[in-house]
Amino acid sequence: MEQERSELTLLTAAVLCGIQPPSADAIFVHSGNDLEIELLSAVAALYSRLRHKSFRIVLNGLERYENIEGSWGHREWTRVLCSSLGVVKEDVVVTQPDLHTGKEAERFMRLCRENGWRKVVIAAKPYHMPRC
């Protein structure tokens, strides 16, 4: 019980204070349609610091992240990450499309188990972090 409280305290501190991890196997980017350049820039900066041979950035495979005109999806996010922010295209994993953030998270957890990823980063907009 005490260890669980300690881990929860560390998680809360990391989420609320923006503590960056010393290492990770993957970054999962929750999809959405606002602050995307800021979010992708933060992901790319973390990628450049943490990258190793098997490191991956994981994106939801939706064509459009929101049901509005001009909404971006995985193609635009991959283009920005790779052409503007220095991410290697082979390091981007696009999952099957999921319409709900809960389903996104479940699919990411399956990928973690399949790939043996034990240390991961969840990237999301500030107002989405508590839910993540």
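Up top you'll find the structure we're talking about.
Overview of the structure. Here the structure is a predicted model, which is why all the values come from computation and not from measurement.

Take the sheet that holds strand 4 (residues 120–123) next. Strand pairing within a sheet occurs via backbone hydrogen bonds; the two strands may be parallel or antiparallel. Here four strands make up an open sheet; going across it, the order is 3-2-1-4 and the pairing parallel. Both edges of this open sheet fall to strand 3 (92–94) and strand 4, since each of them pairs with a single strand only. The average undirected angle you get between the axes of adjacent strands in this sheet is 20 degrees. Direction of pairing for strand 1 (residues 26–29) relative to strand 2 (residues 56–59): parallel, over a ladder of four bridges. The partner of Ala26 across the bridge, within strand 2, is Arg56.

Moving on to the pattern of salt bridges. Under the defined criterion, the tally for this structure stands at six salt bridges. Between Asp91 and Arg56 there is a salt bridge, with the nearest N and O atoms lying 3.0 Å from each other. Of this pair, Asp91 sits in the loop between helix 3 (74–84) and strand 3 while Arg56 is found in strand 2, placing the two residues 35 residues apart along the sequence. Under the relative-accessibility criterion, Asp91 is labelled buried at 4%. You can call Arg56 partly exposed: its relative accessible area is 22%. The partner of Glu76 in a salt bridge is Arg64, and the shortest N-O contact between them spans 2.9 Å. Here Arg64 lies in the loop between strand 2 and helix 3 and Glu76 lies in helix 3, a separation of twelve residues in the sequence.

In contact at an axis separation of 10 Å, helix 2 (residues 36–50) and helix 3 are set at 50 degrees when each is read in the N-to-C sense. By the angle between their directions, the pair helix 2 and helix 3 is classed as oblique. Seen from above, helix 2 lies across helix 3 with right-handed handedness. Packed against helix 2, whose contacting residues are Glu36, Ile37, Leu39, Leu40, Val43 and Ala44, the element helix 3 presents Trp77, Val80 and Leu81 at the interface. By residue class, the composition of the contact of helix 2 with helix 3 is eight nonpolar, no polar and one charged.

Within a regular strand, side chains alternate between the sheet's two faces. Of the two faces of strand 4, the one lined by Val121 and Ala123 is fully buried and the one lined by Val120 and Ile122 carries no buried residue. Across four bridges, the pairing between strand 1 and strand 4 is parallel. In the sheet register, Phe28 faces strand 4, and the bridge partner there is Ile122.

Scanning the entire structure with this criterion turns up four aromatic pairs. Considering the side-chain rings of Tyr47 and Phe55, the 6.0 Å spacing of their centres and the 55 degrees angle between planes classify their relative orientation as tilted. Assessed through its relative accessible area of 0%, Phe55 is described here as buried. Residues Phe108 and Trp117 carry aromatic rings whose centres are separated by 6.1 Å and whose planes lie at 40 degrees to one another, so their mutual orientation is tilted. The class of Phe108 is buried, set by a relative accessible area of 3%. Taken together, the ring pairs in this structure connect Phe28, Phe108 and Trp117 into an aromatic cluster. One Lys or Arg, Arg79, reaches over the ring of Trp72 and ends 6.0 Å from the middle of that ring.

Rules and cut-offs
- Residues numbered from 1 in each chain as written.
- Predicted model: local features only at pLDDT ≥ 70, side-chain atom pairs only at ≥ 80, totals over all residues.
- Heavy atoms only, no water.
- Pairing = 2+ DSSP bridges.
- Helix = DSSP H or I, 4+ residues; strand = E, 2+ residues; numbered from the N terminus.
- Axes fitted to C-alpha atoms, helices over the stretch in contact; angles between N-to-C directions.
- Salt bridge = Lys/Arg side-chain N within 4 Å of Asp/Glu carboxyl O.
- Buried < 20%, exposed > 50% of the residue type's maximum accessible area, 1.4 Å probe, protein only.
- Parallel < 35°, antiparallel > 145°, perpendicular 65-115°, else oblique.
- Left-handed = near helix turned anticlockwise from the far one by under 90°.
- Contact = heavy atoms within 4.5 Å.
- Nonpolar A, V, L, I, M, F, W, Y, C, P; charged D, E, K, R; others polar.
- Phe/Tyr/Trp six-rings, centres within 6.5 Å; stacked < 30°, edge-to-face > 60°.
- Lys NZ or Arg CZ within 6 Å of the ring centre and 35° of its normal.

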